[in-house]
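Read off the chains here:
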Amino acid sequence: MDYLENYVVCTEEEASRYLRGCQNTSKFWRGFDDHDVQTLVQRMDFVRVKSGETIIHEDDPGHFVAVLLNGSCTIYAKKSIKVGTIHKGDIVGENSLFEGDRRTASVVSSSNSTVLALWKTRDIVDTYLNFPEIGLKVVRILACSGMSKLTQRCLLNSPKEELSHVRTCSVSRMSRYL
């Protein structure tokens, strides 16, 4: 999905509305005022995808992060094993972005009303350099989302007594370290 020519792009007004609404439901995507939202809208691509369309292909390079603004998607590992579902407000693709590695799973739209905000790596860097306060918020959010997923994987794969010291990430806790 690195190429958007096959997808319907949302208007700037729709994108702003979706991005604001996402803050009400997202565990991580929050803390942006109206000015921040407008700045982000100008630096992100907003697309609609139909049910069954693949948004992220396993093993592809990670060149963008996606924030699910509406609808739902299914995550598949090893091409066909369903490993999860994401909903409005969830973020996908941040781990590949940070690790500089290939995608570890595919993400497929499971509803016809799926709307995504796609943020290319170069646009994240540009935002961070030109709008440092907004850029820092975004880096915190992406880091917390990635850490939360890592923590969930650890909790699923380890006995609870080994992980009694592990807590899930929160934006406010993570901000102390960034």
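> Sorry if this is basic, but what is going on with the nonpolar core here?
Considering soluble globular proteins, one finds that nonpolar side chains tend to be buried as a cluster. By size, the foremost hydrophobic cluster in this structure holds 27 residues, and its most contacted members are Leu19, Trp29, Leu40, Met44, Phe46 and Leu69. Only α1 (12-25), α2 (34-41), β4 (64-70), β9 (114-120) and α5 (132-157) provide two or more residues apiece to this core. It is α5 that contributes the most residues to this core, five residues altogether. Ile55, Ala66, Cys73 and Val107 belong to the second-largest nonpolar core, a separate cluster that totals 15 residues.

> In this structure, what is going on with the packing of α1 against α2? I would like to understand it.
A packed helix pair is summarised by two numbers, namely the angle formed by the two axes and the spacing between the axes. Where α1 contacts α2, the axes come no closer than 10 Å and their chain directions differ by 125 degrees. With respect to α2, the element α1 is oriented oblique. Crossing angle aside, the handedness with which α1 passes α2 is right-handed. Residue-level contacts link Glu12, Ala15, Ser16, Leu19, Arg20 and Gln23 of α1 to Asp34, Val37, Gln38, Leu40 and Val41 of α2.

> How do you make sense of the packing of aromatic side chains when you look at a structure like this?
Summed over all chains, the structure comprises two aromatic pairs. Plain terms: the ring middles of Trp29 and Phe32 are 5.0 Å apart, the flat faces sit at 40 degrees to each other, and that makes the pair tilted. The burial state of Trp29 is the same as that of Phe32; both residues are buried. In textbook terms, an aromatic cluster arises when at least three aromatic residues are bridged by ring pairs, as seen for Trp29, Phe32 and Trp119. Its end group placed over the ring of Phe64, Arg103 keeps NZ or CZ at 4.8 Å from the ring centre.

> Would you mind showing me how to read the sheet that holds strand β5 (residues 72-77) here?
The strands making up a sheet associate through hydrogen bonds between their backbones, and the pairing can be parallel or antiparallel. An order of β3-β8-β5-β6 is seen for the four strands of this open sheet, with the pairing classed as antiparallel. The strands lining the two open edges of the sheet, one partner per strand, are β3 (54-56) and β6 (81-87). If you compare each strand with its neighbour and ignore which way they point, the axes differ by 30 degrees on average. In the sheet, β3 pairs with strand β8 (residues 106-109) via two bridges, with the strands oriented antiparallel.

> Help me understand the confidence of the model for the chain in this model?
With 81% of its residues at a pLDDT of 70 or more, the chain shows a mean pLDDT of 80. In the model of the chain, helix α6 (residues 171-175) stands out as the element of lowest mean pLDDT, 44, in contrast to α2, which has the highest, 93. When the criterion is pLDDT under 50, residues 161-178 qualifies, and its contacts beyond four places in sequence or with other chains add up to 24 contacts.

Cut-offs applied
- Residues numbered from 1 in each chain as written.
- Predicted model: local features only at pLDDT ≥ 70, side-chain atom pairs only at ≥ 80, totals over all residues.
- Heavy atoms only, no water.
- Core = buried A, V, L, I, M, F, W, Y, C linked by side-chain atoms within 4.5 Å.
- Buried < 20%, exposed > 50% of the residue type's maximum accessible area, 1.4 Å probe, protein only.
- Helix = DSSP H or I, 4+ residues; strand = E, 2+ residues; numbered from the N terminus.
- Axes fitted to C-alpha atoms, helices over the stretch in contact; angles between N-to-C directions.
- Parallel < 35°, antiparallel > 145°, perpendicular 65-115°, else oblique.
- Left-handed = near helix turned anticlockwise from the far one by under 90°.
- Contact = heavy atoms within 4.5 Å.
- Phe/Tyr/Trp six-rings, centres within 6.5 Å; stacked < 30°, edge-to-face > 60°.
- Lys NZ or Arg CZ within 6 Å of the ring centre and 35° of its normal.
- Pairing = 2+ DSSP bridges.
- pLDDT = per-residue confidence, 0-100.

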